[in-house]
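Reading the structure
Here's the letter readout for the chains.
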Amino acid sequence: MLLWTELRYTGSVDNNILNGALYLVGGGDPLLSIANLFSLAEDLKNKGVTKINGNFYYDDSKLIRLEKINYLQADEFPYNSSVSALSVEFNRFNMFWKTKDGETTSYAVPNFAYDKLTLAEQQQNDDFIYQGSDIWIVSDQLKKRGRKTLPIKNPALLTAQLFKFYANLLGIEVAQPKYKIAPTTLKLLATHQSPELAQIVRLNMNYSNNLVSELLLLSTANKLAGRPVDSIAAAIAIVKNWYKQHIPSINWSKINWQNGSGLSAKTTITPEQMLHILRFADSKQYNDHGFFTYLPASGIRGTLKKRFTRPELALRIWAKTGTMYFVNSLSGYMFTDDGKKYLFVIFINDKHKRRLIDSELTVDRYNSLTGQAGAWGGRALNLQQDILYKWINNY
């Protein structure tokens, strides 16, 4: 399954002018970058086009849109980004600000990623709160100057603006982008294709990006259903049904998915159920590789690069991490000295404190809890290391 981003058009090219409309159409590529957009602009230039004598449209209708992955979590978290079939650079931007005498000045990179930054008039839990229409409210408790990575709230529009920016740099006149669903009769001008699915999965397993997981869920559901799905719930139901057919040993009614990335305290699965999934994955080959090779490797790669570095553990553990405040999990495979491969699942959580994090709290109480989460997470990581060390040496 290849995902794509395309330039399509109406009309014709005469004397270096495209007399017609240009469309930037998103096909759900989770790894689309500014370099890819620049290349699409170069494709336009290489075809001799110097001006679009018509409208410039963008279309992300292949997949549903989400303003953020988990609506219970703060607006400002970059890992809780918007989801769109036309996403770029993981839908994040950098905000720079300076406050003096109650007046806040700011700018962003890219500079069209937001419209306005306003100083809050009262204390708020989060440093930044999204007000809609690309307006952010910044806490009056925030330091007077700084930089913050924030999620883009309209990624399809921003992607189109970035394409226009690069086209303009190359001397191509392009109008301001507008949203419009691309007609099926359009002609293809240029295509950027994503890496193969196996490569995307390997990268995501190693570096754990929530947006990539959500886009893969939606694209997979569309593929299985043979049509676009209209909600996250529908996508989950379709993919879950596939799992039911292929892993009937699990009681799937007891598993609750809220999204594709696991970014929700309401997502539930037992260690035994996860073990069944790992066993199923281990029984298959993927591009002639075992599933475990797609996971981070202890002491050398991905989210385990700096973990399990002791000689007794390094290179022996291939596993996927999962982390939220007061939740820490590790699931995968370990190898003992005699070459045997064992499957393991370790889930650690503090349900009480996690529920408090997700509830309505005062600013001081919320900050107190999140402050405790770092030390709690460190203890969880140490416990995982101790458990795996014992298992590897005893089996």
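Just above sits the structure.
Residues numbered from 1 in each chain as written. Predicted model: local features only at pLDDT ≥ 70, side-chain atom pairs only at ≥ 80, totals over all residues. Heavy atoms only, no water.

On to the sheet that holds strand β7 (residues 92-100), then. Consider a sheet: its strands pair through backbone hydrogen bonds, and that pairing is either parallel or antiparallel. With respect to topology, 3 strands assemble into an open sheet ordered β8-β7-β12, the strand pairing being antiparallel. Both outer strands of the open sheet, β8 (103-109) and β12 (145-151), are each paired with one neighbouring strand and no more. Averaged over all adjacent pairs, the angle separating strand axes in this sheet is 25°, with direction ignored. Pairing of β7 with β8 involves 7 bridges; the strand directions are antiparallel. Bridging across to β8, M95 finds its partner in A108. (Pairing = 2+ DSSP bridges. Helix = DSSP H or I, 4+ residues; strand = E, 2+ residues; numbered from the N terminus. Axes fitted to C-alpha atoms, helices over the stretch in contact; angles between N-to-C directions.)

Before going further, it helps to spend a moment on the environment of L224. With respect to the element layout, L224 can be found in helix α4 (residues 210-225). A sequence separation of 18 residues divides L224 from W242, and the C-alpha atoms of the two residues are 8.3 Å apart. Apart from residues no more than four positions distant in its own chain, L224 is found in contact with I238, V239 and W242. (Contact = heavy atoms within 4.5 Å.)

What follows covers unusual backbone geometry. For the bond from V109 to P110, the omega torsion is 0°, close enough to zero to count as cis. By secondary structure assignment, the location of P110 is in the loop between β8 and β9 (116-119). Look at N287: it is not a glycine, yet its phi comes out positive at around 55°. Along the chain, N287 turns up in the loop between β15 (285-286) and β16 (289-290).

Bringing the nonpolar core into the picture now. Core analysis: the largest hydrophobic core is formed by 38 residues, its most contacted members being L7, L22, L24, L37, L44 and F163. A per-element tally of this core places helix α2 (residues 155-169) first, with 7 residues. Not counting the four nearest positions on each side in its chain, L44 is found in contact with L22, V49, I52, F163, I172 and L189. (Core = buried A, V, L, I, M, F, W, Y, C linked by side-chain atoms within 4.5 Å. Buried < 20%, exposed > 50% of the residue type's maximum accessible area, 1.4 Å probe, protein only.)

On to the sheet that holds strand β5 (residues 51-52), then. With mixed pairing, the 3 strands of this open sheet are ordered in space as β2-β3-β5. At either margin of the open sheet sits one strand with a lone partner, and together these are β2 (12-14) and β5. As defined by bridge partners, strand β3 (residues 17-19) adjoins β5 across 2 bridges and the pair is classed as parallel. Bridge assignment links L18 to a residue of β5, and that residue is I52.

This brings us to the pattern of salt bridges. Pairing between side chains of opposite charge can happen when the charged atoms of each approach one another. The final tally for this structure, using the stated rule, is 8 salt bridges. Between R65 and D60 there is a salt bridge, with the nearest N and O atoms lying 2.9 Å from each other. With relative accessibility at 1%, the residue D60 sits in the buried group. Here D337 ties to R316 by a salt bridge, and the two come within 2.4 Å at their closest N and O atoms. (Salt bridge = Lys/Arg side-chain N within 4 Å of Asp/Glu carboxyl O.)

As a further point, take the side chain of Q73. Relative to the elements of secondary structure, Q73 occurs in the loop between β6 (56-59) and β7. Judged by its relative accessible area of 9%, Q73 is buried.

Okay, helix α5 (residues 232-246) next. Relative to the 21 Å expected for 15 residues at 1.5 Å per residue, α5 spans 21 Å between its end C-alpha atoms, a close match to the ideal helical length. Within α5 the residues assigned to the buried category are I232, A235, I236, I238, V239 and K240. Summarising the contacts, the buried residues of α5 are in contact with α4. (Expected span 1.5 Å × (residues − 1).)

Counting through the fold element by element, L157 comes out in helix α2. Counting along the chain gives 189 residues from L157 to I346, while the straight-line C-alpha distance between them is 41 Å. When residues no more than four places from it in sequence are discounted, the contact partners of L157 are Y58 and P177.

Our next topic: the side chain of D75. One can find D75 in the loop between β6 and β7. Once residues within four sequence positions are removed from consideration, D75 is found in contact with K68, F128, I129, Y130, W136, P151 and K153.

Helix length check: helix α8 (residues 363-394), at 32 residues, gives a terminal C-alpha distance of 47 Å against a target of 46 Å (1.5 Å per residue), a fit within 8%. Taken together, the buried positions of α8 are occupied by V363, Y366, L369, T370, A373, W376, G377, A380, Q384, L388 and I392. Contact partners of the buried residues in α8: β17 (317-324), β18 (327-335), β19 (341-349) and α7 (351-357).

Next up on the list: the packing of aromatic side chains. All chains considered together, the criterion is met by 21 aromatic pairs. Members of the aromatic cluster, each reached through a chain of ring pairs, are Y286, F291, F292, Y294, W318, Y333 and F335. Taking the ring centre of Y179 as reference, the NZ or CZ of R65 above it sits at 4.5 Å. For the cation-ring pair, R202 lies above Y294, with the distance from its terminal atom to the ring centre recorded as 4.2 Å. (Phe/Tyr/Trp six-rings, centres within 6.5 Å; stacked < 30°, edge-to-face > 60°. Lys NZ or Arg CZ within 6 Å of the ring centre and 35° of its normal.)

All right, on to the packing of α4 against α5 then. Following both chains from N to C, one finds α4 and α5 inclined at 65°, their axes separated by 9 Å at the closest point. As judged from the angle between their axes, α4 and α5 are roughly perpendicular. Every pair of crossing elements has a handedness; the one defined by α4 and α5 is left-handed. Every residue of α5 that contacts α4 at E214, L217, L218, T220, A221, L224 and A225 is listed here: I232, A235, I236, I238, V239 and W242. Looking at the contact of α4 with α5, its residues break down into 11 nonpolar, 1 polar and 1 charged. (Parallel < 35°, antiparallel > 145°, perpendicular 65-115°, else oblique. Left-handed = near helix turned anticlockwise from the far one by under 90°. Nonpolar A, V, L, I, M, F, W, Y, C, P; charged D, E, K, R; others polar.)

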